[in-house]
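# Observations on the model geometry
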Amino acid sequence: MPDIDDMPAGGIAAIRKLLWLMAAVAALLGALLYFGLEGSGADKQTPVAAKMPFGGPFELTGADGSVLTEQSLAGKPYAIFFGFTRCPDVCPTTLSRMALWRKQLGKDGDKFNIVFVSVDPARDKPADIGSYVELFDTPIIAATGTDAQLAQIRKGFGVYVKKVPLDPAKPGGDYTIDHTAGVFLMDAQGHLSSIIDHHEAESTALDKLRMLVG
Amino acid sequence: MKFKRASLLAGLVVPVLATPVLAHNFTIGKIAIGHPWTRETAATQSVGGGFLNIRNNGKTADRLVSASSPFAAEVQIHTMSMDGGVMKMRQLKDGITIPAGQTVELKPGGLHIMFIGLKQPFKKGGQIPAMLKFQKAGSVKVSFAVQPVGSAAPMEAGHAGH
Ligand SMILES: [Cu+2]
């Protein structure tokens, strides 16, 4: 299975560490400000993580054949998730959760886009992902790309993807895909706002989304 | 298709037509199976996950060794785990042990049945017949209720629960 290369596992873990580190730096800056050292160059209290450039540049093909890039998504926050339509569990669960979050946010629910990127271009054609996301009863931007395009966006987001044969005795047969299961929250400027983990409580997820659209 | 209903319904005078919205259980020997369900699938989707509870009322362990369905080219038994934020799904070629006196839950986020090579999409409200084979108890026909894609738990588990 040569077309999906490995990335170090724990990409999310690494990003989390970085976010924690940045939060710690922000806290330190906050403390400095509090103790009257504001002349030192720290100007305002923007969340530091939001300034981190992230994910792009990338170019993908939407379900309708249109080109989707970080530029075309800019201007509105979005929640982006990587998966494949042959995933029986995590992908439908996550997309359903996202649809529910949007409903639970009420008026704010339309202030962010939901983006689903298939990392299985060999089997998920644009029309396939289009009909797949229609199941979820909320607008979802579905996209995929060539192996090279997907390698680029995976690198940008630090998304781990690995094809694994369902039957180890038949390496050329059917396969599943190990993949990062977190949802990346991107602000309108295309910067990482936060990540919602697969096991995270719904209330935490909603708080993160409110922060994203607020 | 003739299914063995669980003892829950055995003593009740319930017309058969009422069963789709009532309890949805199956038994074979000492094995009791509760609420098999699956999710609706898109027209182009070729797999579906199946979930159910398996209780072993016997005094010795049994094992779900395989499954099949006329609606899928193949049915496998899988485990799913999260490892550093990465979803990993693996086939359990030896099946799942059901310890004596215990219930094993196949549910989203963990163990599941996987229907592979769907012959037709799973339509919301439908029933997907399948055969589950146990090492000791033998084979039992069950049906998986097709629930909305957003489902995280069986809808027929009892309305008191929601
Ligand atoms: Cu998945």
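Values in this document were obtained by computation on a predicted structure and should not be read as measured data.

Going through the model one piece at a time under the given rule, you end up with 13 salt bridges over all chains. Salt-bridge contacts for Arg123 of chain A lead to Asp174 of chain A; the nearest nitrogen and oxygen are separated by 2.7 Å. Taken together, the residues Arg123 of chain A in the loop between strand E4 (113–118) and helix H4 (126–133) and Asp174 of chain A in the loop between strand E6 (161–165) and strand E7 (175–180) connect sequence positions 51 residues apart. In this structure, Lys93 of chain B and Asp167 of chain A form a salt bridge, with 3.1 Å as the shortest nitrogen-oxygen distance. Here Asp167 of chain A lies in the loop between E6 and E7 and Lys93 of chain B lies in the loop between strand E6 (86–91) and strand E7 (96–98), a pairing that spans two chains. Lys93 of chain B sits in the exposed class, given a relative accessible area of 52%. Note on Asp167 of chain A: relative accessible area 13%, which makes it buried.

Another point: the interface of chain B and chain A. The parts lose accessible area when they come together, and the size of an interface is often stated as this lost area. Opposite the 34 residues of chain B that make contact, chain A presents 31 residues. Applying the counting rule to chain B against chain A returns two salt bridges. Between the two partners, chain B and chain A, sit 11 residue pairs in polar contact (both at pLDDT 80 or more). Looking at the side of chain B that touches chain A, the elements that each hand over two or more residues are strand E3 (47–56), strand E5 (72–83), E6 and strand E9 (112–118) of chain B. Of the residues forming the side of chain B that touches chain A, the biggest block, six residues, is contributed by E6 of chain B. Looking at side-chain class alone, the side of chain B that touches chain A contains 13 nonpolar, 15 polar and six charged residues. Two elements, E7 of chain A and E6 of chain B, share two bridges in a ladder whose sense is antiparallel. When the bridges of E6 of chain B are listed, Thr180 of chain A appears paired with Val86 of chain B.

Our focus in this paragraph is the pairing of strand E8 (residues 103–106) of chain B. All names here are of chain B. On E8, burial follows the alternation: Val104 and Leu106 on one face are buried, whereas Thr103 and Glu105 on the facing-out side are not. The pairing of E3 with E8 spans four bridges and is antiparallel. Counted as the bridge partner of Arg55 is Thr103 from E8.

It is worth spelling out the UniProt feature "binding site: Cu cation" (unreviewed entry) in chain A at this point. All names here are of chain A. The feature "binding site: Cu cation" (unreviewed entry), as annotated in UniProt, sits at Cys87, Cys91 and His179 in this numbering. Despite a sequence span of 93 residues, these residues sit close together in the fold, their greatest C-alpha distance being 10.0 Å. By the element assignment, Cys87 lies in the loop between strand E3 (78–83) and helix H3 (90–104). For Cys87, a relative accessible area of 0% gives the class buried.

All names here are of chain A. The tally for this structure, following the rule as stated, stands at 12 aromatic pairs over all chains. Relative to Phe184, the ring of Phe54 lies with its centre 6.0 Å away and its plane at 35 degrees, an arrangement referred to as tilted. In this pair, Phe54 is assigned in the loop between helix H1 (11–34) and strand E1 (59–62) and Phe184 in strand E8 (residues 183–186), connecting sequence segments 130 residues apart. Judged by relative accessible area, Phe54 falls into the buried class, the value being 15%. Residue Phe184 is classed as buried on the basis of its relative accessible area, which comes to 0%. Among the aromatic side chains, those forming a connected cluster through ring pairs are Phe54, Phe58, Phe82, Phe157 and Phe184. In this structure, Arg102 is placed above the aromatic ring of Phe112, and the distance from its NZ or CZ to the ring centre is 5.5 Å. Across from the ring centre of Tyr175, 4.4 Å away, lies the NZ or CZ of Lys163, which sits over that ring.

What follows concerns the confidence of the model for chain B. All names here are of chain B. When pLDDT is averaged along chain B, the result is 84; 81% of the residues meet or exceed 70. Per-element averaging of pLDDT across chain B places helix H1 (residues 7–10) at the bottom with 42 and strand E4 (residues 62–68) at the top with 98. Counting contacts from residues 1–22, a segment whose pLDDT is below 50, to residues more than four positions away or on other chains yields 23 contacts. In this model, residues 158–162 is a region of pLDDT below 50 whose contacts with residues beyond four sequence positions or in other chains number one contact. Interface confidence for the predicted complex, given as ipTM, is 0.73, next to a pTM of 0.77.

Counting residues in hydrophobic clusters, the biggest one holds 61 residues, and the most contacted among them are Ile80, Phe82, Tyr132, Phe157 and Phe184 of chain A. The next biggest cluster of nonpolar side chains, apart from the first, holds 27 residues, and it includes Ile54, Ala72, Ile77 and Ala130 of chain B.

Moving on: the coordination of the copper ion. Residue and element names in this part refer to chain A. Ligation of the copper ion by protein atoms is provided by Cys87 (SG), Cys91 (SG) and His179 (NE2), these donors lying 2.0 to 2.4 Å from the ion. Ordering the donors of the copper ion by residue number gives the pattern C-x3-C-x87-H. Taking relative accessible area as the criterion, Cys91 reaches 0% and is therefore assigned buried.

With that out of the way, let us pick up unusual backbone geometry. A cis geometry characterises the amide bond from Gly56 of chain A onward to Pro57 of chain A, with omega recorded as -5 degrees. Within the element layout of this structure, Pro57 of chain A appears in the loop between H1 and E1. Of note, Asp137 of chain A is a non-glycine position whose phi angle comes to about 65 degrees, a positive value. Take Asp137 of chain A: it is sitting in the loop between H4 and strand E5 (141–144). Residues other than glycine seldom take positive phi values, yet His35 of chain B does so here, at roughly 50 degrees.

Cut-offs used in this document
- Numbers given for residues are sequential positions, taken from 1 along each chain in its written order.
- Numbering of ligands from 1 and lettering of chains from A proceed in the order in which they are written.
- At least 70 in pLDDT is required for a residue's local features to be given in this predicted model, at least 80 for side-chain atom pairs to be given and counted, and no such filter applies to totals for whole chains, interfaces and linings, which use all residues.
- Only heavy atoms go into the side-chain values, all of them from the structure, while hydrogens and water stay out.
- Any Lys or Arg side-chain nitrogen found within 4 Å of a carboxyl oxygen on Asp or Glu counts as a salt bridge.
- In this description a helix means any DSSP run of H or I spanning at least four residues, a strand means any run of E spanning at least two, and both kinds are numbered starting from the N terminus.
- Exposure is judged per residue with a 1.4 Å probe applied to protein chains only, and the accessible area is read against the type maximum: over 50% gives exposed, under 20% gives buried, and values in between give partly exposed.
- We call two residues in contact whenever any of their non-hydrogen atoms come within 4.5 Å of each other.
- We call two N or O atoms a polar contact when they sit within 3.5 Å, provided that within protein one can donate a hydrogen and the other can accept it, with sequence-adjacent residues counted only if both atoms are side-chain atoms.
- Side-chain classes follow a simple rule in which Ala, Val, Leu, Ile, Met, Phe, Trp, Tyr, Cys and Pro form the nonpolar group, Asp, Glu, Lys and Arg form the charged group, and the remainder, Gly included, forms the polar group.
- Here, strands pair whenever DSSP counts at least two bridges between them.
- UniProt positions are given in the numbering used here, feature names are shortened, and annotations may be inferred rather than shown by experiment.
- Centres within 6.5 Å make a pair out of two Phe, Tyr or Trp rings, where for Trp the six-membered ring is used; the pair is then stacked when the planes are under 30 degrees apart, edge-to-face when over 60, and tilted otherwise.
- Working rule: Lys NZ or Arg CZ, within 6 Å of ring centre, within 35 degrees of ring normal, means a charge sits over the ring.
- Note: pLDDT gives the predictor's confidence per residue, expressed from 0 to 100.
- Nine residue types can take part in a nonpolar core, namely buried Ala, Val, Leu, Ile, Met, Phe, Trp, Tyr and Cys, and a core is a set of them joined through side-chain atoms within 4.5 Å.
- Any N, O or S atom lying within 2.8 Å of the metal counts as a donor, and for Na, K and Ca the limit rises to 3.2 Å; water is left out, so some sites can look incomplete.

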